[in-house]
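# Tertiary structure, described
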Amino acid sequence: MTFRTLRIEEPGEVLRATVRAWIAGVEWSGGEWLRTRRPERPFVEHLAAAQFATMLLGAAVMDPAAAGRVAWLMEVEPADAPFGALVRGLAGTFDMRTFGHLAKFLGRAGRS
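Attention in this report is confined to the structure presented alongside it.

Criteria and cut-off values
Each chain has its residues counted from 1, running along the sequence as written. With pLDDT at 70 or above as the cut-off, local features in this predicted model cover only qualifying residues; side-chain atom pairs require 80 or more to be listed or tallied, and sums for whole chains, interfaces and linings still use all residues. Side-chain descriptors were evaluated using all non-hydrogen atoms of the structure, hydrogens and water having been removed beforehand. Each helix is a run of DSSP H or I of at least 4 residues and each strand a run of E of at least 2, with the numbering of both proceeding from the N terminus. Take the residue count of a helix, subtract one, and multiply by 1.5 Å to get its expected span. Classification of residues uses two cut-offs on accessible area relative to the type maximum, computed with a 1.4 Å probe and protein chains only: under 20% is buried, over 50% is exposed, and between them is partly exposed. Note: the arc covers the axis-to-C-beta directions of the helix. Any pair of residues with heavy atoms lying within 4.5 Å of one another is described as a contacting pair. For the purpose of counting charges, residues Lys and Arg are taken to be positive, whereas Asp and Glu are taken to be negative. His and the chain ends are not included. Between Lys or Arg on one side and Asp or Glu on the other, a salt bridge is scored when a side-chain nitrogen of the former is within 4 Å of a carboxyl oxygen of the latter. Side-chain atoms within 4.5 Å link the members of a nonpolar core, which is a set of buried Ala, Val, Leu, Ile, Met, Phe, Trp, Tyr and Cys residues.

### Considering helix H4 (residues 64–76)
- Helix length check: H4, at 13 residues, gives a terminal C-alpha distance of 18 Å against a target of 18 Å (1.5 Å per residue), a fit within 8%.
- Those residues of H4 that fall on the buried side of the exposure criterion are Ala66, Arg69, Val70, Trp72 and Leu73. One side of H4 holds all its buried residues, which, seen down the axis, span an arc of 165 degrees. Exposed and facing more than 90 degrees away from the buried side of H4 are Pro64 and Glu75.
- On its buried side, H4 packs onto helix H1 (2–5), helix H2 (13–36), helix H3 (41–62) and helix H5 (82–93).

Right, here's the structure in full:
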């Protein structure tokens with residue numbers, strides 16, 4: 001199902017591992033939610049969508065096919081859908097001090 005959603009007919013190793021790892025996490029979270037009904041269901045659903053987007057972004061760093069799917073997803077996903085909510089949420093958590101720390105990660109490796 002997830003590969004169809006991403007319009008991938010033959011996933012490569014990185015995408016396959018990424019999606020399988022995400023599914024494992026969703027299965028565990030879903031089972032935990034069924035047992036405890038905590039946290040609230042909308043939070044669990046939001047977290048699953050955010051985790052998928054985050055894992056796909058992580059895979060995109062190492063895999064051109066995943067990067068292509070991220071570019072496609074950003075093009076077709078409505079701004080109010082889970083990916084957009086994740087981006088807005090992340091942007092809202094960064095204050096000026098955090099942006100200063102981010103500069104370290106955006107610079108060349110090994111540079112202080």
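Okay, back to it.
### Some details on the side chain of Asp63
- As for its position among the elements, Asp63 is in the loop between H3 and H4.
- For the buried Asp63, no salt bridge is present, and the opposite-charge side chain at shortest range is Arg69, 9.2 Å distant.
- Contacts of Asp63, omitting those with residues within four sequence positions, involve Val14 and Leu15.

### What about the nonpolar core?
- One finds Leu6, Ile8, Leu15, Phe52, Leu56, Ala66 and Leu73 to be the most contacted residues of the largest nonpolar core, which totals 18 residues.
- Looking at this core, the elements that each hand over two or more residues are H2, H3, H4 and H5.
- Top element by residues in this core is H3. It accounts for six residues.
- Discounting chain neighbours no more than four positions away, the residues touching Leu73 are Leu56 and Phe83.

### Looking at the pattern of salt bridges
- In the structure shown here, the tally under the stated rule is three salt bridges.
- Arg35 is the partner of Glu32 in a salt bridge, and the nearest nitrogen-oxygen pair spans 3.1 Å. Remark: Arg35 and Glu32 occur in helix H2; sequence separation between them is three residues, near one turn of the helix.
- For Glu32, a relative accessible area of 27% translates into the label partly exposed.
- A salt bridge links Arg41 to Glu45; its shortest N-O distance comes to 2.7 Å. With a gap of four residues between them, Arg41 and Glu45 both fall in helix H3, about one helical turn apart.

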